[in-house]
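This is what each chain is made of:
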Amino acid sequence: MRLKLTTWNVNSVRIRGQLLRRIAAEINPDVLCLQETKVEDGLFPMALFHELGFNHAYIHGQRAYHGVAVLSKLPLEAPRAHKWCNVDDCRHAVVELPGGIEVHNLYVPAGGDVPDPEVNRKFKHKLDMLEALTGFYGAREGDGKKMILVGDLNIAPLETDVWSHKQLLDVVSHTPVETDGLKRLQAAYGFVDAMRAIVPPEERLYTWWSYRNRDWAASNRGRRLDHVWLSPALAPALRGMEVKREARGWEQPSDHVPVTIELEV
DNA sequence: ATGGTTGACTCTCAA
């Protein structure tokens, strides 16, 4: 069967109802992974997702900040959450789809403004979580599992993942310590970058454009902060990938756009 | 070098 999975940093699930309807209508994913839901579980707008046909859900949220959720038209099994770095943030949810496909939905800390872990605890937290994830997935290398890892990793690893490699080398999200760290995490398990398997690394590809811009489309100062990785066992199933760039121009948008993959499983 | 905008929520923080 064809499996369509969309990941989106929604930046508040409660004010994005109309756009979620539009995504359900235009993309029609089987599984929707959200980040930055910004709401505790008791206030999550579950009725909307039921109306849209997502009758299975694992929500892992907190008040005002962070929060991840997996909405699905297929049954979900073995839901679990991970805490990292002894912080209580809701940043990592895992579920299993029929056929034993693990879905890992991640929201890595943005990291603040100053790219120095000595003076910026948010940047230190970002690097620490990257290292923790590298240990976690590295310990599983070679386990042969079918796995999809998605989310807002808040790092643009390639030169073509940012509007200006040179100008962003000292900007949090594209500093060498972050891009090296992300590549180490990817290599620790042998994840395949599904987006770059479809769009060659020579081509520019963005998923985020700052709100702090008069005209996001004209200036096009984007970054690829959102990612879809596949385990070696699942990589051969990849059939397609789409970045819904136009969603950045919809009314009351998130600053991130949805990324969708299609698999033959 | 700075400021620009958005969202949740409190009189500000995080992104």
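Residues numbered from 1 in each chain as written. Chains lettered and ligands numbered in written order. Predicted model: local features only at pLDDT ≥ 70, side-chain atom pairs only at ≥ 80, totals over all residues. Heavy atoms only, no water.

### What about the protein's contact with DNA strand B?
In the neighbourhood of DNA strand B, 18 residues make up the surrounding shell, with Ser12, Arg16, Arg63, Tyr211 and Arg212 lying closest. Between DNA strand B and Arg121 there is a distance of 3.4 Å, counted from a phosphate oxygen to a side-chain nitrogen or oxygen. The contact in question runs from a phosphate oxygen of DNA strand B to an N or O atom on the side chain of Lys122, over 3.4 Å. Broken down by class, the residue content of the surface near DNA strand B amounts to six nonpolar, four polar and eight charged. (Near = heavy atom within 4 Å. Polar contact = N/O pair within 3.5 Å; in protein donor to acceptor, adjacent residues only side chain to side chain. Nonpolar A, V, L, I, M, F, W, Y, C, P; charged D, E, K, R; others polar.)

### Some points on the UniProt feature "domain: Endonuclease/exonuclease/phosphatase" (unreviewed entry) in chain A
UniProt records the feature "domain: Endonuclease/exonuclease/phosphatase" (unreviewed entry) at residues 7–256, using the numbering of this structure. From the first C-alpha to the last, residues 7–256 spans 10 Å; its make-up is 24% helix and 24% strand. (UniProt positions renumbered as here; feature names shortened; annotations may be inferred. Helix = DSSP H or I, 4+ residues; strand = E, 2+ residues; numbered from the N terminus.)

### Quick look at the sheet that holds strand β5 (residues 77–81)
The six strands lie next to each other as β5-β6-β7-β8-β12-β9, forming an open sheet whose pairing is mixed. Sheet topology places β5 and β9 (192–193) at the edges, where each strand pairs with a single neighbour. Against the sheet, helix α3 (residues 121–138) engages β6 (92–97), β7 (101–107) and β8 (147–152), with an angle of about 170° to β7. Here helix α5 (residues 176–189) sits on the sheet in contact with β8, β9 and β12 (226–230), set at roughly 20° to β12. (Pairing = 2+ DSSP bridges. Contact = heavy atoms within 4.5 Å. Axes fitted to C-alpha atoms, helices over the stretch in contact; angles between N-to-C directions.)

### Here we look at the layout of surface pockets
Within this model, the largest pocket holds a volume of roughly 990 Å³. As for the largest pocket, its lining consists of 32 residues, and the residues nearest its centre are Ala110, Asp113, Trp208, Arg212 and Arg223. Residues of the lining of the largest pocket, tallied by class, amount to twelve nonpolar, nine polar and eleven charged. (1 Å grid on protein atoms, 1.4 Å probe; cavity = no way out; pocket = protein on both sides within 12 Å on 5 of 7 lines; lining within 4 Å. Points joined across faces, edges and corners; volume = space filled by probe spheres on them.)

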